[in-house]
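Spelled out, the chains give:
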Amino acid sequence: MNALAATNRNFKLASRLLGLDSKLEKSLLIPFREIKVECTIPKDDGTLASFVGFRVQHDNARGPMKGGIRYHPEVDPDEVNALAQLMTWKTAVANIPYGGAKGGIGCDPRQLSLSELERLTRVFTQKIHDLIGVSTDVPAPDMGTNAQTMAWILDEYAKFHGYSPAVVTGKPIDLGGSLGREAATGRGVLFATEALLNEHGKSIAGQRFVVQGFGNVGSWAAQLISENGGKVVAVSDISGAIKNSKGIDIPSLLKHSVANRGVKGFSGADPIDPNSILVEDCDVLIPAALGGVINRENANEIKAKFIVEAANHPTDPEADEILSKKGVTILPDIYANSGGVTVSYFEWVQNIQGFMWDEEKVNNELRTYMTKGFKDVKEMCRTHNCDLRMGAFTLGVNRVAKATVLRGWEA
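Residues numbered from 1 in each chain as written. Predicted model: local features only at pLDDT ≥ 70, side-chain atom pairs only at ≥ 80, totals over all residues. Heavy atoms only, no water.

Draft legend 1. Here's a closer look at the overall build of the chain. Within the chain, the regular secondary structure consists of 13 helices and 12 strands. Taking 2.2 N^0.38 as the reference for a compact globule, 411 residues should give roughly 22 Å; the C-alpha atoms of the chain span a radius of gyration of 21 Å, in line with that estimate. In terms of overall dimensions, the chain has C-alpha extents of about 55 × 55 × 40 Å along its principal axes. Per-residue burial for the chain yields a buried fraction of 59% across its 411 residues. (Helix = DSSP H or I, 4+ residues; strand = E, 2+ residues; numbered from the N terminus. Rg over C-alpha atoms; globule rule 2.2 N^0.38 Å. Buried < 20%, exposed > 50% of the residue type's maximum accessible area, 1.4 Å probe, protein only.)

Right, here's the structure in full:
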């Protein structure tokens, strides 16, 4: 099942549990605005290249729309649509005053030089500058984009609207980025996992973890978990997979992974088949890579008692059913990986106030939001007698529906 179908399915189940009016349900599903633009740039060799850029702005009932911009060869309108909708529910679950958006350009950033990427980003910004803004739509980095991309957007946007650091988040610290933003999603995963384990009378210390994906989110999550006494027994990334049942030395692995562009060949662990990473023996499984990796083919083999979804949409609905029959507890993506957007909100707040926080304040505020978020999700689980995924979806959808009705959607 693709991301859009899965997200729509979860939304419909949630709206049924909440007893939403069918007209309101339909209104909440339809995106506020979809933008598609042509971006033509001169390449370094003088030839012209054309790319297609998208921005889907899903809902703004609770505040400005918020979501990443990805540069990837397969930026598919359906996927961008699903991710924009997911951002609407995610910001509502986190209880931050935003709606959802997502965007991207269909290109392979590895095939473009730095100056070509800069030209492409500036042309894209020129095409959408009057449709984004501090109180309209606030982009952020995603797959294939980073703080530098945000710096170019900020600069290009400023040519039209004057200096507005709050127009994008995930910026370099020197241009108004927030301390703690780099580690935020991984740190949020740590706080979410703590809240989940505490609920079951356990703590991070002494639990065995498997982390699939060792990019920004996976590597920070692994590092923070091992600092808190958790034992990371297997890790995988695009280069391969490794395992050490006594626990992997994460600081050494981080050094190795930077030097060798991946975890493959790390001497402190044995190589294993990357396809078996999800079914390794552990207490907590953290998928932090791509969507749809846990499906009906492998769900029966999974040995973890808890799954914490650090990636977007890693578990197919069919796998959800199999795992819930096995008694596996899944902490859903729209809560578990909301640390990133929460600290993006802190960055936006700091920019608007023109007053920056120290890193300790950022991390403490994040802990407060993640802990409160878990309590709110559990409250919905009790009210509607449902699992954590439906608890999170009903929480998010209910907040957006309430805001929509209060604003007067029928007028």
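Having seen it, we continue.
Draft legend 2. Main features of the pairing of strand E5 (residues 137-141). With four of five residues buried, E5 lies mostly within the body of the structure. Looking at chain direction, strand E3 (residues 65-72) and E5 are connected through five bridges and run parallel. Note that in E5 the partner of Met 65 across the bridge is Asp 137. (Pairing = 2+ DSSP bridges.)

Draft legend 3. Focus on the sheet that holds strand E6 (residues 208-212). Read from one edge to the other, the open sheet built from seven strands follows the order E9-E8-E7-E6-E10-E11-E12, with strand pairing classed as mixed. One side of each edge strand has no neighbouring strand; the edge strands of this open sheet are strand E9 (270-272) and strand E12 (329-331). Mean inter-strand twist for the sheet, computed between neighbouring axes without regard to direction, equals 20°. Of the strand pairs in this sheet, strand E10 (residues 284-287) and strand E11 (residues 306-308) are connected by two bridges, and their pairing is parallel. Of the residues in E11, the one forming a bridge with Leu 285 is Ile 307. The strands that helix H7 (residues 216-227) touches are E6, strand E7 (231-237) and E10; relative to E6, the one it contacts most, it runs at about 165°. (Axes fitted to C-alpha atoms, helices over the stretch in contact; angles between N-to-C directions. Contact = heavy atoms within 4.5 Å.)

Draft legend 4. Representation of unusual backbone geometry. Positive phi, normally seen in glycine, also occurs at Asn 95, with a value near 60°. The topology assignment puts Asn 95 in the loop between helix H3 (77-93) and strand E4 (99-106). Unusually for a residue other than glycine, His 313 sits at a positive phi of about 55°. Residue placement: His 313 occurs in the loop between E11 and helix H9 (317-326).

Draft legend 5. Broad picture of the sheet that holds strand E1 (residues 33-42). Spatial strand order, E1-E2-E4-E3-E5: five strands in an open sheet with mixed pairing. Where the open sheet ends on each side, the last strands, each with one partner, are E1 and E5. Adjacent strand axes in the sheet meet at a mean angle of 20° when their direction is disregarded. With six bridges joining them, strand E2 (residues 48-59) and E4 adopt antiparallel strand pairing. Residue pairing for E4: Gln 57 is matched across the bridge by Ala 101.

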